[in-house]
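Per-entry structural report
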Amino acid sequence: MRIQKLIIPMAVSAASLTLSGNAMAETWKMALGDAAGGTQYELGTTFADLVEEKTDGEVTVDLFPNGQLGSEQDTVNNASMGLLDLSILAINNITPFSPTVGVMTLPYVIQSPEDARTLTQGEVGEELTQNTIRDAGVRILGWAYSGCRRLTNSVRPVATPADLEGLVIRVPKNEIMISAYQAWGVNPNPLAWSETFTALQQGVVDGQDNPYITIDAMKFYEVQDHVTESCYVFSMEPLIISEGKFQSLSSEMQELVLEAGQEATDHSYEYLLETEASIKERLVEEHGMEITHPANDEQEWIELATGIWPEFYDSIGGKEKLDQVLTALGRDPA
Ligand code: MLT
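About the thresholds
- Residues numbered from 1 in each chain as written.
- Predicted model: local features only at pLDDT ≥ 70, side-chain atom pairs only at ≥ 80, totals over all residues.
- Heavy atoms only, no water.
- Helix = DSSP H or I, 4+ residues; strand = E, 2+ residues; numbered from the N terminus.
- Rg over C-alpha atoms; globule rule 2.2 N^0.38 Å.
- Buried < 20%, exposed > 50% of the residue type's maximum accessible area, 1.4 Å probe, protein only.
- Contact = heavy atoms within 4.5 Å.
- Areas by Shrake-Rupley, 256 points an atom, 1.4 Å probe, with all protein chains shown as cover.
- Lys, Arg positive; Asp, Glu negative; His and termini not counted.
- Charge placed at Lys NZ, Arg CZ, Asp CG, Glu CD.
- Near = heavy atom within 4 Å.
- Polar contact = N/O pair within 3.5 Å; in protein donor to acceptor, adjacent residues only side chain to side chain.
- Nonpolar A, V, L, I, M, F, W, Y, C, P; charged D, E, K, R; others polar.
- Pairing = 2+ DSSP bridges.
- Axes fitted to C-alpha atoms, helices over the stretch in contact; angles between N-to-C directions.
- Arc of directions from axis to C-beta.

Take the overall build of the protein chain next. Tallying secondary structure elements over the protein chain gives twelve helices and 13 strands in all. What you see for the protein chain is a C-alpha radius of gyration of 19 Å, in line with the 20 Å of a compact globule of 334 residues. Burial statistics for the protein chain: of 334 residues in total, 58% are counted as buried. Within the protein chain, contacts between residues at least 6 apart in sequence are counted, and of these 76% link residues at least 24 apart. Accessible area of the protein chain: about 13,300 Å², with a carbon and sulfur share of 49%. Positive and negative charge centroids in the protein chain, built from 19 and 51 side chains respectively, lie 3 Å apart.

Below is the structure:
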């Protein structure tokens, strides 16, 4: 596995073939929306090492972190068209291409790493994989688990939705997340992930939300002071492969790639459990971020945001889809 800094951003090309010790070695390109160091990177490097090992060096994977190959949403398009082999992106950024995935980003549905694992590794995850192949031309090979999205801002502590008044919050270009903020009384600013740090730095927006591990990897502590320990969406990041690329592989190679995806996913889960608490501590102790707890155990946030669920029943495949998910998580149907 090699980390690459992109030389010509526009020239996204599919896998390259090079002569090497093996008769014909292939190098695949993997886009990462996040900077090196977070959960996307951990999943990507683990997958790359496993693929190289399992294929005896026949396939190597080059990683392009920090949105070098375009915004996360661009990478779905590029993979779908066969211009890019692999990408790791946040689940909210694949939903516009395959709306049933939205069931995983409805506010306050997934509340813990265990919930995330139950869904991605069960019937729901398998169904969503089939749907993304059908709708977006990409196959989910594995998952990074990144933790609850925490609201950060540079202005003041935020404990209640009313505290958001007057703040400009960046959200992903995702209808569900936009609607959640509207339910809390503000009109958020939908921006591509690749533009977010600069927008925070230049004061175009005051805040955003992402997990602790992502806040750390992206160095958001340099431009954000306050964190609200909210958990309205649990961030998961699918590793996708162009379906055209996958279908071009021999069945033996497909099997190896799927195995590598599964093993890298298992590693990603352990990585989250092992590192999240110490990363949170570092954000506070070393970088001076101030944590605020949502008032009244987040009740007001929850009541307002879950009120938007019915707006999205059609796009996620019906209310019964949400009920299936809640039942799988051992909770009462909606
Ligand atoms: C986003 O906020 O657009 C994504 O969740 C960021 C990410 O990929 O980590």
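In this section: the site of the ligand. Among the 13 residues in the neighbourhood of the ligand, the closest are listed as Asp34, Glu72, Asn93, Arg149 and Arg170. Glu72 is positioned such that a nitrogen or oxygen atom in its side chain is 2.5 Å from an oxygen atom of the ligand. Note that an oxygen atom of the ligand is positioned 3.1 Å from one of the side-chain N or O atoms of Asn93. By residue class, the composition of the shell around the ligand is three nonpolar, five polar and five charged.

Attention now moves to the sheet that holds strand S10 (residues 207–210). Strands belonging to one sheet form pairs held by backbone hydrogen bonds; the direction of such a pair is parallel or antiparallel. The mixed open sheet is built from four strands, whose spatial order is S10-S7-S11-S13. Two strands lie at the open edges of the sheet, namely S10 and strand S13 (290–292), each paired on one side alone. Each adjacent strand pair in this sheet contributes to an overall mean axis angle of 25°, direction not counted. Pairing analysis gives three bridges linking strand S11 (residues 226–228) to S13, with the strands arranged parallel. Considered in S13, the bridge of His226 is made with Glu290.

The next point concerns helix H3 (residues 113–120). The set of residues buried in H3 consists of Pro113, Asp115, Ala116, Leu119 and Thr120. For H3, the buried positions fall inside an angular range of 160° around the axis, keeping them on one side. Turning to H3, the residues buried within the fold contact helix H4 (123–136), strand S6 (138–148), strand S12 (234–242), helix H9 (251–285) and helix H12 (319–328).

Note that Ser235 resides in strand S12. In this structure Ser235 comes out as buried when scored by relative accessible area, which is 1%.

Here we come to unusual backbone geometry. Phi angles above zero are rare outside glycine, and Asn66 is one such case at about 65°. Structurally, Asn66 can be placed in the loop between strand S4 (59–64) and helix H2 (72–80). Relative accessible area serves as the criterion here: at 47%, Asn66 is assigned to the partly exposed category. Phi is positive for Glu298, close to 70°, though the residue is something other than glycine. Take Glu298: its relative accessible area is 10%, and that puts it in the buried class.

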